[in-house]
Amino acid sequence: MIPLDWLFGLMGGLMIGAAAAMYLLISGRIMGALGILGGLIDGSNPTWERFAFIAGVILAPLTMNAFAGYPDTNITTNPALLIAGGLAVGLGTRLANGCTSGHGVCGISRFSKRGIIATLIYLGAGFLTMAVLRHGLGWL
Amino acid sequence: MMRALTALFCGALFGLGLLISGMTDTAKVQGWLDLFGDWDPTLAFVLGGAILPMLAAWRIAAQRSQSRLGSPMPSPPDPTLDRRLIGGSALFGIGWALVGLCPGPALAVLAWGGPSTAIFFGAMVAGMLLARLPALRTKAPQ
């Protein structure tokens, strides 16, 4: 029997892919969370389209509360981890010009060399960081 | 108007997909990165599930001269591998492991995730702005 979490993962993944497919075929855009957010934040390309997309991502989960309640985020409360992690994710994805949705979902599916390499590197760095900090130093 | 509505709908579907798939649960994401511990393979199903519709979408896009709303399709992928891509991705992977959030889920939890998610989001925005430092700057992303 397949664990329920995997099925929910697959179902949510299909929804993410369907959203990316519609954004591509209807609007002609690549659905990358970093790219859409980044263009708004540093003012390099602020558009209503980006703003509407971000509003959808932030507001849609609020409707879930009516059906199932919010799932637990289990996020750390350690401010040093939150700040270091946030800075690294923001700076890293902006330098690489893509994140899990842009390089991962949209890049791999078009066999983009940059998307595939970026994904291999951030996965490798994530595995390594987790191995060192959780099992080596016992932090996380 | 149609453009903004499409974006709002796609954003909402993306956000709900992130929630349903468990990607807003940092313990699950850190569990996926914990190859040498109690490994949680859920994220592979999420990524696989998301790539499937996109494989079809890129094939359809290749046969169209423009999108439904009349804008050009994205240009072919840039093959350049540079230090920004490699170093940036490595830095991203480290930060991803530290907290268990990447940019999409960081947005999707913002409205209900409490103060920790707000601190993470603030730091992420600061990190994005740091990338504008002259020493790190090159061409703007598309």
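Residues numbered from 1 in each chain as written. Chains lettered and ligands numbered in written order. Predicted model: local features only at pLDDT ≥ 70, side-chain atom pairs only at ≥ 80, totals over all residues. Heavy atoms only, no water.

A. Highlighting the overall build of chain A. Secondary structure summary: chain A contains six helices and zero strands in total. Helices (α) and strands (β) of chain A occur, in sequence order from the N terminus, as α-α-α-α-α-α. Seen through its C-alpha atoms, chain A measures out along the principal axes to roughly 50 × 40 × 35 Å. A fraction of 31% describes how many contacts in chain A between residues 6 or more apart in sequence connect residues 24 or more apart. Of the roughly 5900 Å² of accessible surface on chain A, a fraction of 72% belongs to carbon and sulfur atoms. When the 7 basic and 4 acidic side-chain charges of chain A are each reduced to a single mean position, those positions are 15 Å apart. (Helix = DSSP H or I, 4+ residues; strand = E, 2+ residues; numbered from the N terminus. Contact = heavy atoms within 4.5 Å. Areas by Shrake-Rupley, 256 points an atom, 1.4 Å probe, with all protein chains shown as cover. Lys, Arg positive; Asp, Glu negative; His and termini not counted. Charge placed at Lys NZ, Arg CZ, Asp CG, Glu CD.)

B. Representation of the interface of chain B and chain A in the model. Contact residues are listed per partner, giving 105 residues for chain B and 101 residues for chain A. In total, about 9500 Å² of surface goes out of reach between chain B and chain A, with carbon and sulfur atoms giving 78% of it. Here chain B and chain A share five salt bridges between them. Applying the counting rule to chain B against chain A returns 21 residue pairs in polar contact (both at pLDDT 80 or more). (Buried area = accessible area lost by both parts, 1.4 Å probe. Salt bridge = Lys/Arg side-chain N within 4 Å of Asp/Glu carboxyl O. Polar contact = N/O pair within 3.5 Å; in protein donor to acceptor, adjacent residues only side chain to side chain.)

C. Local environment of the state of the cysteines. Tallied over the full model, the rule gives zero disulfides over all chains. B:C10 forms no disulfide, and the closest cysteine sulfur to it belongs to A:C106, at a distance of 11 Å. Judged by relative accessible area, B:C10 falls into the buried class, the value being 0%. Here B:C102 stays free of any disulfide, with the sulfur of A:C99 as its closest cysteine sulfur at 6.3 Å. (Disulfide = S-S within 2.5 Å. Buried < 20%, exposed > 50% of the residue type's maximum accessible area, 1.4 Å probe, protein only.)

D. Structural detail: empty space enclosed by the protein. According to the stated counting rule, one finds two cavities of 30 Å³ or more in the structure shown. Roughly 210 Å³ of internal volume is contained in the largest cavity. Around the largest cavity, the lining is made up of 19 residues, and of these A:T100, A:S101, B:L18, B:M23 and B:C102 lie nearest the centre. Secondary structure elements with two or more residues in the lining of the largest cavity: α5 (100-108) of chain A together with α1 (2-21), α3 (42-62) and α5 (103-108) of chain B. Taken together, the residues of the lining of the largest cavity break down into 15 nonpolar, four polar and no charged. In this structure, the second largest cavity occupies an estimated 30 Å³ of space. Lining the second largest cavity are A:T100, A:T119, A:Y122, A:L123, B:W32, B:L43, B:L47 and B:W96. (1 Å grid on protein atoms, 1.4 Å probe; cavity = no way out; pocket = protein on both sides within 12 Å on 5 of 7 lines; lining within 4 Å. Points joined across faces, edges and corners; volume = space filled by probe spheres on them. Nonpolar A, V, L, I, M, F, W, Y, C, P; charged D, E, K, R; others polar.)

E. Structural context of the confidence of the model for chain B. Residues of chain B with pLDDT of at least 70 account for 96%, and the chain-wide mean is 94. Across the interfaces of the predicted complex, the ipTM metric reaches 0.95, alongside a pTM of 0.94. (pLDDT = per-residue confidence, 0-100.)

F. The arrangement of the nonpolar core in detail. Ranked by size, the top nonpolar core spans 68 residues in total, and within it A:M31, A:F53, B:F14, B:M54, B:W96, B:F120 and B:M124 carry the most contacts. With nine residues, the top contributor of residues to this core is α3(B). Sequence-distant contacts of B:W96, defined by excluding residues within four places in its chain, comprise A:V89, A:T100, A:Y122, A:L123, B:V29, B:W32, B:L33, B:L43, B:L101 and B:C102. (Core = buried A, V, L, I, M, F, W, Y, C linked by side-chain atoms within 4.5 Å.)

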